[in-house]
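An overview of the molecular structure
Listed below, chain by chain, are the residues.
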Amino acid sequence: MEQEMGFVFMPSLISILINAQEKKGALLTQEEVEGIRDRSVVMSMPKSVCEKMDKDRGYKDIDPEFAWLEYLHHNGVLDEIIKEIKSED
């Protein structure tokens, strides 16, 4: 019986992005976020192990497939965009 596999970034992708943002002193661009994601160390393991690692870490890492959007959400930028769109309706 095969287990469904997941990915775990070491260290977490969001912590890598926050560190890069702090070094830059400004929000990262989409190209920077995706480039960092693509160059980061990631391990494939059973999803049950991934979930345990998230629990042990105390937070769920961002989804690498949606790294840009989740990075924006983490920084509150996505929330501001949504508010602007809603106010235009």
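Provided above is the structure to which this section pertains.
Fair warning: this is a prediction, and the values are worked out from it, not measured in the lab. (Residues numbered from 1 in each chain as written. Predicted model: local features only at pLDDT ≥ 70, side-chain atom pairs only at ≥ 80, totals over all residues. Heavy atoms only, no water.)

1. Things to note about the overall build of the protein
Applied cut-off: Each helix is a run of H or I in the DSSP string that is no shorter than four residues. Each strand is a run of E no shorter than two, and both are numbered from the N terminus. For every residue, the accessible area (1.4 Å probe, protein chains only) is compared with the maximum for its type, and the residue is labelled buried under 20%, exposed over 50%, or partly exposed between those bounds. Two residues qualify as a contact provided that any one of their heavy atoms is within 4.5 Å of a heavy atom in the partner residue.
A count of helical and extended segments in the protein gives five helices and two strands. Listed by position from the N terminus, the elements making up the protein come as β-α-α-β-α-α-α. Relative to its 89 residues, the protein shows a buried fraction of 27%. Pairs at least 24 apart in sequence give 80% of the contacts found in the protein among residues at least 6 apart.

2. Here we look at the layout of surface pockets
Applied cut-off: Using a grid of 1 Å spacing that covers the protein atoms alone, one calls a set of points a cavity when a 1.4 Å probe fits there but cannot get out, and a pocket when the set is open and has protein on both sides within 12 Å along at least five of seven lines; lining residues are those with an atom within 4 Å of a point. Grid points are joined across faces, edges and corners, and a volume is the space filled by probe spheres set on the points. Gly counts as polar in this scheme, as do all residues outside two lists: the nonpolar Ala, Val, Leu, Ile, Met, Phe, Trp, Tyr, Cys and Pro, and the charged Asp, Glu, Lys and Arg.
In this model, the largest pocket occupies a volume close to 370 Å³. Lining the largest pocket are 16 residues, with Gly6, Phe7, Lys47, Cys50 and Lys60 sitting closest to its centre. Breaking the lining of the largest pocket down by element, the ones donating at least two residues are strand E1 (5–9) and helix H3 (47–57). Taken together, the residues that form the lining of the largest pocket break down as seven nonpolar, one polar and eight charged.

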